[in-house]
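Remarks on the overall topology
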Amino acid sequence: MLSSAHAPRLVRFPSHCLLRPINSLHTAQSSPLPTTTAPSSQILTIRKSLLTKQTTAVDLAKSFLDRIRRTEPQLNSFLYVSPDDVVLKQAEELDNKIKNNEQLGPLAGVLVGIKDNICTSDMPSTAGSRILKNYRPPFDATAVRKLKQSGAIVVGKTNLDEFGMGSTTEGSAYQVTANPWDLSRVPGGSSGGSAAAVSARQCVVSLGSDTGGSVRQPAAFCGVVGLKPTYGRVSRYGLVAYASSLDVIGCFGSSVADAGILLHTISGYDKFDSTSSKREVPDFTSQFAGKDYLESKPLKGLRVGVICETFGDGVDPEVILSVRGAVTHLEELGCFVTEVSLPSFSLGLPAYYVLALSESSSNLSRYDGIRYGNQVLEDELNSLYGHSRAQGFGSEVKMRILMGTYALSAGYYDAYYKRAQQVRTIIRDSFKAALERNDILISPASPSVAYKIGEKKDDPLAMYAGDKMTVNVNLAGLPALVLPCGFVEGGSTVLPVGFQMIGAAFDEEKLLKVGHIFEHTLQVSSAVPPLVADELTR
Amino acid sequence: MALTFFRGLHTHSFLMYPSSFLSRKNGMLYCTMKSIRGQTETQEKSQHQLKVSTQTQSRKHDDIFKNFEAIIGIETHVQLSTLTKAFCSCPYNYGAQPNTSICPVCMGLPGALPVLSTKVIESAVKVGLALNCNLSLSSKFDRKQYFYPDLPKGYQISQFDIPIATGGYLDVDIPLEFGGGHRKFGITRVHMEEDAGKLLHTGNGSFSQVDLNRAGVPLLEIVSEPDMRTGIEAAEYAAELQRLVRYLGVSNGNMQEGSLRCDVNISIRPIGQLEFGTKVEIKNLNSFSSVSRAIDFEISRQALLHSQGQADQIVQETRLWEEGAQKTVTMRKKEGLADYRYFPEPDLPGVTLTEEYVDGIRCSLPELPEMKRRRYEGMGLNMQDVLFLTNDINVADFFDSAIAEGADVKLAANWIMGDIAAYMKNEKLSINEIQLNSHELVELISSIKGGTISGKIGKEILFELMAKGGTVKGLIKEKNLVQIADPVEIEKMVDKVLADNPKQLEQYRGGKTKLQGYFAGQIMKESKGKANPALLNKILLEKLNAKS
Ligand SMILES: [Zn+2]
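Residues numbered from 1 in each chain as written. Chains lettered and ligands numbered in written order. Predicted model: local features only at pLDDT ≥ 70, side-chain atom pairs only at ≥ 80, totals over all residues. Heavy atoms only, no water.

1. Some remarks on the sheet that holds strand S15 (residues 343-344) of chain B
All names here are of chain B. Spatially, the 3 strands line up as an open sheet ordered S5-S4-S15, and their pairing is antiparallel. Looking at strand neighbours, the two that pair on one side only are strand S5 (155-158) and S15, the edges of this open sheet. Direction of pairing for strand S4 (residues 142-145) relative to S15: antiparallel, over a ladder of 2 bridges. Opposite Asp142, over in S15, you have Pro344 as the bridge partner. (Pairing = 2+ DSSP bridges. Helix = DSSP H or I, 4+ residues; strand = E, 2+ residues; numbered from the N terminus.)

2. Digging into the coordination of the zinc ion
All names here are of chain B. The zinc ion binds to the protein through Cys88 (SG), Cys90 (SG), Cys103 (SG) and Cys106 (SG); the donor distances cover 2.3 to 2.4 Å. Around the zinc ion, the 4 donor atoms are arranged such that angles at the metal cover 100 to 114°; this shape is classified as tetrahedral. All donors to the zinc ion come from one chain, and their sequence spacing reads C-x1-C-x12-C-x2-C. Of the two residues, Cys90 sits in the loop between strand S1 (68-79) and helix H5 (118-130) while Cys106 sits in the loop between S1 and H5, which places them 16 residues apart along the sequence. Accessibility classification places Cys90 together with Cys106 in one group, the buried group. (Donors = N, O, S within 2.8 Å, 3.2 Å for Na, K, Ca; no water. Tetrahedral: all angles 85-135°; square planar, octahedral: opposite > 155°, others 65-115°. Buried < 20%, exposed > 50% of the residue type's maximum accessible area, 1.4 Å probe, protein only.)

3. Observations regarding the UniProt feature "active site" (unreviewed entry) in chain A
Residues and elements named next belong to chain A. Within the UniProt annotation, "active site" (unreviewed entry) is assigned to Lys115, Ser190 and Ser214. The greatest C-alpha distance among the annotated residues, which extend across 100 residues, is 10.9 Å, indicating that they converge on a single site. Within the secondary structure, Lys115 is located in strand S2 (residues 111-115). Here Lys115 is in contact with Lys157, Thr158, Leu160, Ser190, Ser191, Ser194, Leu207, Gly208, Ser209 and Ser214, once residues within four sequence places are set aside. Ignoring anything within four residues of it in the chain, the contact list for Ser214 reads Lys115, Gly164, Gly166, Gly189, Ser190, Ser191, Ser209 and Phe252. One polar contact links Ser214 to Ser190, side chain to side chain, over a distance of 2.8 Å. (UniProt positions renumbered as here; feature names shortened; annotations may be inferred. Contact = heavy atoms within 4.5 Å. Polar contact = N/O pair within 3.5 Å; in protein donor to acceptor, adjacent residues only side chain to side chain.)

4. Re the packing of aromatic side chains
The description of two aromatic rings rests on the distance between their centres and on the angle between their planes. The final tally for this structure, using the stated rule, is 26 aromatic pairs over all chains. The interplanar angle of 50° and the centroid separation of 5.2 Å between the aromatic rings of Trp181 of chain A and Phe487 of chain A together place this pair among those described as tilted. Placement of the pair is Trp181 of chain A in the loop between strand S3 (153-158) and helix H6 (192-199) and Phe487 of chain A in strand S10 (residues 480-490), with a sequence separation of 306 residues. Summarising the burial analysis for this pair, Trp181 of chain A and Phe487 of chain A share the class buried. Seen from their ring centres, Tyr518 of chain B and Phe519 of chain B are 5.7 Å apart, and the 65° between their planes marks the pair as edge-to-face. (Phe/Tyr/Trp six-rings, centres within 6.5 Å; stacked < 30°, edge-to-face > 60°.)

5. Some words on unusual backbone geometry
One can expect most non-glycine residues to show negative phi and most peptide bonds to be in trans. Following Gly189 of chain A, the chain continues to Ser190 of chain A via a peptide bond in cis, the omega torsion being 5°. Its location among the elements puts Ser190 of chain A in the loop between S3 and H6. Of note in this structure, Asn99 of chain B is not a glycine but carries a positive phi near 55°. With respect to the secondary-structure elements, Asn99 of chain B resides in the loop between S1 and H5. You can call Asn99 of chain B partly exposed: its relative accessible area is 32%.

6. Some words on the side chain of Ser446 of chain A
Residues and elements named next belong to chain A. Locating Ser446 in the fold gives a position in the loop between strand S9 (440-444) and helix H14 (460-465). A distance of 3.0 Å separates the side chain of Ser446 from the backbone oxygen of Ser448, its partner in a polar contact. Once residues lying within four places of it in the same chain are set aside, the contact partners of Ser446 are Gln217, Phe221, Val319, Gly466 and Met469.

7. Comments concerning the nonpolar core
Ranked by internal contacts, the top residues of the largest apolar core, which has 133 residues, are Phe163 and Phe431 of chain A together with Leu131 of chain B. Considering each element in turn, this core owes the most residues, 10 residues, to helix H6 (residues 231-248) of chain B. Beyond its immediate sequence surroundings of up to four residues, Leu131 of chain B is in contact with Gly168, Tyr169, Leu170, Ile187, Val190, Ile222, Leu241 and Leu244 of chain B. In this structure, Val144, Val154, Ala219 and Ala220 of chain A belong to the second largest nonpolar core, which totals 101 residues. (Core = buried A, V, L, I, M, F, W, Y, C linked by side-chain atoms within 4.5 Å.)

8. Notes on the interface of chain A and chain B
The partner chain B presents 31 residues to the 37 residues of chain A that form the contact. Summing both sides of the interface, chain A and chain B together bury roughly 2700 Å²; the carbon and sulfur share of this comes to 59%. Considering only the side of chain A, the residues that lose the most area to chain B are Ser274, Arg366 and Arg371 of chain A, jointly responsible for 21% of the buried surface there. Inspection of the chain A/chain B interface yields 1 salt bridge. Our enumeration of links across chain A and chain B arrives at 17 residue pairs in polar contact (both at pLDDT 80 or more). (Buried area = accessible area lost by both parts, 1.4 Å probe. Salt bridge = Lys/Arg side-chain N within 4 Å of Asp/Glu carboxyl O.)

9. Focus: the pairing of S9 of chain A
All names here are of chain A. Across the 5 residues of S9, 5 count as buried, placing the element largely inside the fold. With 3 bridges connecting them, strand S7 (residues 303-307) and S9 associate as parallel partners. Bridge assignment links Val304 to a residue of S9, and that residue is Ile440.

10. Let's talk about the sheet that holds S1 of chain B
Residues and elements named next belong to chain B. One open sheet holds the 9 strands; their spatial order is S2-S6-S7-S10-S1-S11-S12-S13-S14, and the pairing between them is mixed. Every other strand in the sheet has two partners, leaving strand S2 (134-135) and strand S14 (327-333) as the edge strands with one partner each. One ladder, built from 11 bridges, connects S1 with strand S11 (residues 260-270); its direction is antiparallel. What sits directly across from Thr76, in S11, is Cys262. Of the strands in this sheet, strand S6 (165-173) and strand S7 (182-194) touch helix H9 (residues 369-378), which is tilted by about 35° from S6. (Axes fitted to C-alpha atoms, helices over the stretch in contact; angles between N-to-C directions.)

11. Focus on helix H11 (residues 381-392) of chain A
All names here are of chain A. Across its 12 residues, H11 extends 16 Å between first and last C-alpha, which sits within 8% of the 16 Å expected from 1.5 Å per residue. Along H11, the residues that are buried comprise Leu384, Tyr385, Ser388, Arg389 and Gly392. Looking down the long axis of H11, one finds its buried residues gathered within 110° of arc, a one-sided arrangement. Where the residues of H11 are buried, they touch helix H12 (395-408). Measuring from the backbone nitrogen of Asn382 back to the side-chain oxygen at the start of H11 gives 3.3 Å, which picks out Glu380 as the cap. (Expected span 1.5 Å × (residues − 1). Arc of directions from axis to C-beta.)

Written out as structure tokens, the structure is:
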């Protein structure tokens, strides 16, 4: 939550005025306004301009590398940026393919950022932890392999809270990432680097991971689209585990279409992950091809449930107003909106933390200094373990390991882990029931907009409370899409607000369809932060 | 891998030198169960060392010993011989160069995930059924957490509260030389888990190295009820498990390579007392005889402490069997119960079996050792023969196919347990490695029975068949070995020998009748061993005693 000292003023929400750029409505405001462009898929635009030879992959790559060079000193989104020659060589190969009229992959020439807890064989993969400093995996994560096969160019590894444990990206062992909308604020977390990088157009799209909201909350903070797929939709092979039963790889894009196309590329059963689903992946990308949404009620009959528990205490009024505005907009698009009560909703946060921390205490046991990572040499085995881990892990990670170990210990297991599993079942059932009566459920993506760097650093409980909008979705294993739906004024700038749409398991298609229509009828999501606005609108 | 037929070899030894091998105090517990490789070394070693340890000790404390009852349970780890490790596609070959069969999964690299090989489930179901267990149609994997350098993930994937099989039993026939009798030992549970790697310690001890080749190799842990009372029973239980997994083809059961590892839990209590004594665990048991001897040693040690009023010095601990010193020593004392913080493995889905799947496996099970023993018994073989023949499934198969071709049961058993077993032992070959097949054994038996060749020639041919192969008919023809059963021809040879040895003939007729053997030998030599011995003797006797 924002303290009153720098509480932002609400920017009026333009729900009644479709297709009008937000700044035309914005009157008598002193702060710089978000610049908007026509909502479009960068991926499809790139593809078109490559195929029509309006641009080359090399020129495209150069423009992104330039922007990274310019903005990175302020943002620190990346822990590793691929050297120019490596990126340009891949772009050149693509240009040769185009010249020879060879088949292009669906992401040809698209520069992608990868969260640093996703393994890449040609770049370090540290998970933001000192214990994996300089660690280079011998294999690509399945999602990364699929991206490369589809022609994408991995431009670098993005910053995160160590092992994904945090909501601000301040928990990285290496650097603090700034929010492109306001450099004094956090980008959210744990996938803060990936969100900031897409927001500041340092790359076209990026991969993050979402255990309790780590894609959706930073997407909201940075004003981009964040997509958390159904558990099992995307292989976790190569994702450095935080909490295995909750972790998913998710997508960031500057449009719903981009997030959807990215998801389509990385989805599907993987024989290396036995928790990945064998369900077929529908081609939900075709709906992004230019359609006319000017018909009056494009979402007629869609049943939208607004989760009333998410609009109560502890949620910023400005955020509530913005999200209510989004709901009104959905109504105008033809949706049938009702309030939905999920009485178990508030149980999600404690259950989530018990389960996530229990699993993480186990998943992080392998960092023992024996095979990889930093080893502190000691004569005695237990000191080797103790010192390697004490020096390798940051304080938040240590605290979570301790709490998880406690919850799994004999005598406490039933009271914590087992109880949390029971709560998880209740939550899963309540969502299932609500999604039988509704096509999608709506909530804010986060109780607040981006807060100041350092603001919650010493108050972990306040930080954990910020996850309450998102953790239930992980417990239930459902897909969710976060979209920008407005701005609040925050001092010298405006800050984006995101809202969350939750769908039935494996029904990403519906979320993407609604999201696509939403953003095409409300020009918010393509808003660009002031940091790069001048250049992009020139 | 060569298998020996210990029982057979020693059965013969028993017959020759009954006293030396029968005594249990001597530590020569070679019953059905010794696997060949360690045989010679251990045999020599134990003979030599036991003089110092058990013999003196147990004689002294025989009386004390009698007042106590031992309660013994065994935890057995069986390494499955699946083509790949349990959760990745790495093969496992015992003795391979360190860290040559590893991948991100079995190294526990960040981001790697386990994927269960269905062969592991198949093996577990086979063993569960063979042990008469109830199968859990819905079970799961759990993480057992502890730190050790040979455990790359910091946890072992195992099964905790819902093992795949529970509540079974194992039938065991105790060899006659150890008192005989049939036992049913309860099986508490069978569960699937993964093996750890190995630590290699350098000579000067300044550092250790980890070999992860074995990490992730599938294991079945089989836990018995505390139903055994003596070292022999425990060793026979373990030997029967080895037979079972070999019959099922799920493991090579080799103890020296660690494919079959037994940890023994033992406590003793005064006879008549209901509550159990303090439980001690014994590890490092690399042969069945060490299982038996370690238990006997431990019983003596604990009984002695009891009798000296020092029962409180029997503490819950893990003790190591030292083969060299023939004693158990403290390895680590248990400080409370280790907390492994088990919880369900989130990287693996639950293990669900269908009735059809289980039935399919049930139908495909081979005849198991217990069924085979009962069948052989029904064929009229004595228990000693039954135990010998069923000890190795390949020997049993050889015997069965000989019987199927119509061979006489007792004759076939005798040939296999006699000359064939002796040959295999000398040449260190398994029955599948010798050149003789069961069909030729049947031919051999019928050729002797039908009088085509003598038993003596039969033996000669047998060795040729075992060493070089070929057929009985071919060898008889090639070597012109058909028995001479024509009285006229034999008479001619008798006449010739008698004529060639007038002096001896005179002595015989003068009363030195034991010269008959000399003549018989000469005639047999003349016939190149082919004369029918009965006919030869008959004609010879007639001629010798003829008043001329
Ligand atoms: Zn492997």
